[in-house]
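Examination of the molecular architecture
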Amino acid sequence: MPNFAYRGRNGAGEIVTGVMDGATAGAVADLLFGSGVTPMEIKPAAASAVKAGSDISIQLFKQKVEHMDVLLFSRQIYTLLRAGVPIMRALAGLQESSTNPAMREVLQDLRESLDSGRELSMSLARHPTVFTPFYQSMVRVGEMTGRLEEVFIRLFDHLAFERFMQDQVKSALRYPSFVVAAMGIAIVIVNIFVIPAFAKVFKGFGAELPLMTRILIGFSDFMLAWWPALLVGAVAAFFGFKAWLKTYKGRYTWDRIKLKIPIAGKIIRKATLARFAASFALASRSGVPIIQALTNVAETVNNAYISDKVEKMRDGVERGESILRTSISAGVFTPVVLQMIAVGEESGALDDMMKEIADMYQSEVEYELKTLAQQIEPILIVTLGIMVLILALGIFLPLWDLGKVTMKK
C-alpha cells in the first residue's frame, strides 16, 4: 500500500504533518477527516528515486484543475441546485460538460463518494489541492444550515473577487519586473561587448586611466573571465531561492519582504487585506463561528506573514479579546480600517463592515494600479540616468583627456 505525506489542521487549528498508508489520496483524506484533522495537502511520499522521477514526469504532462475550473463549478452547481436538480444528477451533468480531464476525474470521485454515503463537504476534503479548507468549511456550513446553494453563489463571488485581485497584483508587478530584467540584460551586454572594445583603445594611450574607467574595465574583465562561474551561480541561486520559498521560514520571510518593496509593497498589502476582509465577511455571513472563520481565512490570504497575523488574531479571540483589540495588535491595518472594525463590532454588523473594508481596499488597489506608471517612472528615470552617467564618465573621460593632450601638442 503506498505512503502519502499529508499536512493539515487539527481541531485546535494547529498544523500537523505526517505520513500515512492508504490506497489513494482520497482514502487518506477520509482517515484524516475521521480523526479530526482537516487535510490541506496530500501527496505521494517518494518511495525511491526511480519512482519519484516517474511521478515527476507524469505530473509534468498531466493537466491540473485550475482556479477557473473551481470558479465555474461553484457557479454551475449553484444554478443547478437552485433549479431543483438533485446533486448526483447535477454532478453527472457537470462531469459530462467539463473540458478539463482532471476536473472530470474530481467530479467522478465526488459522485462515487456521495454514492457511498459521505457528505459533500467530506467528499470535497478528499481533494485538498482543489478545494481549499475555506471552501470545504463553507460547504459544511451550507449543509448544516440547509443553505447550500446560497453558499455556492457566495463562494463563486469570493473566488471571482480573489482571481481579480491576483490578476491585478500580477499586472502591477509585470512592468517593473520587465524593466529591471531589461536593465540587467543591458548591463551584461555593455560589459561583454562595449567596454572591451573601448578597453583596447584605452590601452594604447600609455597613460593612467581615470578611476571610473578602471572600475568599469575591471568589472568587465571579471565578467569575461568568470562568466561560466557567474552563470552557474545565477542558476544555483534561482533554484536555491525556489527551494527556500518552499520552506515555511523562507515563504514567511519573503512574504514579509514583499510588503516592504517600494510602491509594489503597498499594493500587495492592500490586495492581501482585501482578500482577508472579503473571506471573513463571507464566512461570517454564512454563520461560521469567528474562531473557525479566522482559522479558515488564514489559509486564503496567500501570504505567510499576514496569515501569521490572522492566526494571532484568532488566538487573541480565543483568550476572550475583542476583534478590534486583536486587529490593533496585528499591526497591519490602517486607522480607518480599525475604526470601521470598531463600529462593526459595536453595532453587531461586523460582516457588513468587513465587506466595506474589502470594497475599499479593492478600490484603492485599482487606483494604485492606474497610477503605477506615474509612480514608478521617476525611479526608473533616476536609475537609468545613474547608469548612463557611470558609463559616460568611464568611457568619455579618457577620450576627453586624450583630446586635451592632442590640443596642447
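The rules we used
- Residues numbered from 1 in each chain as written.
- Predicted model: local features only at pLDDT ≥ 70, side-chain atom pairs only at ≥ 80, totals over all residues.
- Heavy atoms only, no water.
- Salt bridge = Lys/Arg side-chain N within 4 Å of Asp/Glu carboxyl O.
- Helix = DSSP H or I, 4+ residues; strand = E, 2+ residues; numbered from the N terminus.
- Buried < 20%, exposed > 50% of the residue type's maximum accessible area, 1.4 Å probe, protein only.
- Phe/Tyr/Trp six-rings, centres within 6.5 Å; stacked < 30°, edge-to-face > 60°.
- Lys NZ or Arg CZ within 6 Å of the ring centre and 35° of its normal.
- Core = buried A, V, L, I, M, F, W, Y, C linked by side-chain atoms within 4.5 Å.
- Contact = heavy atoms within 4.5 Å.
- Lys, Arg positive; Asp, Glu negative; His and termini not counted.
- pLDDT = per-residue confidence, 0-100.

A word on the pattern of salt bridges. Throughout the structure, instances matching the rule amount to 11 salt bridges. Ionic pairing is found between glutamate 150 and arginine 154, a salt bridge with its closest N-O pair at 2.8 Å. Highlighted residues: glutamate 150 and arginine 154, both in helix α8 (residues 148–203), separated by 4 residues, approximately one helical turn. Relative accessible area serves as the criterion here: at 27%, glutamate 150 is assigned to the partly exposed category. A salt bridge links lysine 270 to glutamate 368, with the nearest nitrogen and oxygen atoms 3.3 Å apart.

Under the criterion given, the structure shown has 11 aromatic pairs. Feature note: the residues Phe73, Phe131, Tyr135 and Phe152 constitute an aromatic cluster, connected by ring pairs. One Lys or Arg, arginine 75, reaches over the ring of phenylalanine 156 and ends 5.4 Å from the middle of that ring.

Quick look at the nonpolar core now. Among the nonpolar cores identified, the biggest contains 78 residues, and Phe73, Tyr135, Phe152, Phe276 and Phe333 are the most heavily contacted of them. Sort the elements by how many residues they give to this core and helix α11 (residues 264–285) lands first, with 12 residues. Beyond its immediate stretch of four places on either side in the chain, phenylalanine 333 contacts Leu273, Phe276, Met313, Ser327, Leu338 and Tyr361. Listed in part, the 8 residues of the second largest apolar core include Ile195, Leu209, Leu216 and Ile395.

The subject of this paragraph is the side chain of aspartate 351. Its location among the elements puts aspartate 351 in helix α16 (residues 350–370). For aspartate 351, which is buried and forms no salt bridge, the nearest opposite charge comes from arginine 285, at a distance of 4.0 Å. Not counting residues within four places of it along the chain, the set of residues in contact with aspartate 351 comprises Ala281, Ser284 and Arg285.

To continue, consider the confidence of the model for the chain. Across the chain, pLDDT averages 80, with 88% of residues at or above 70. Long-range and interchain partners of residues 47–60, a stretch whose pLDDT sits below 50, account for 2 contacts in this model, where long-range means more than four residues apart.

For glutamine 136, the location among the structural elements is in helix α7 (residues 133–145). Those residues in contact with glutamine 136 that lie beyond four places of it in its chain are Thr38, Pro39, Ser121, Leu124, Ala125, Pro128 and Phe131.

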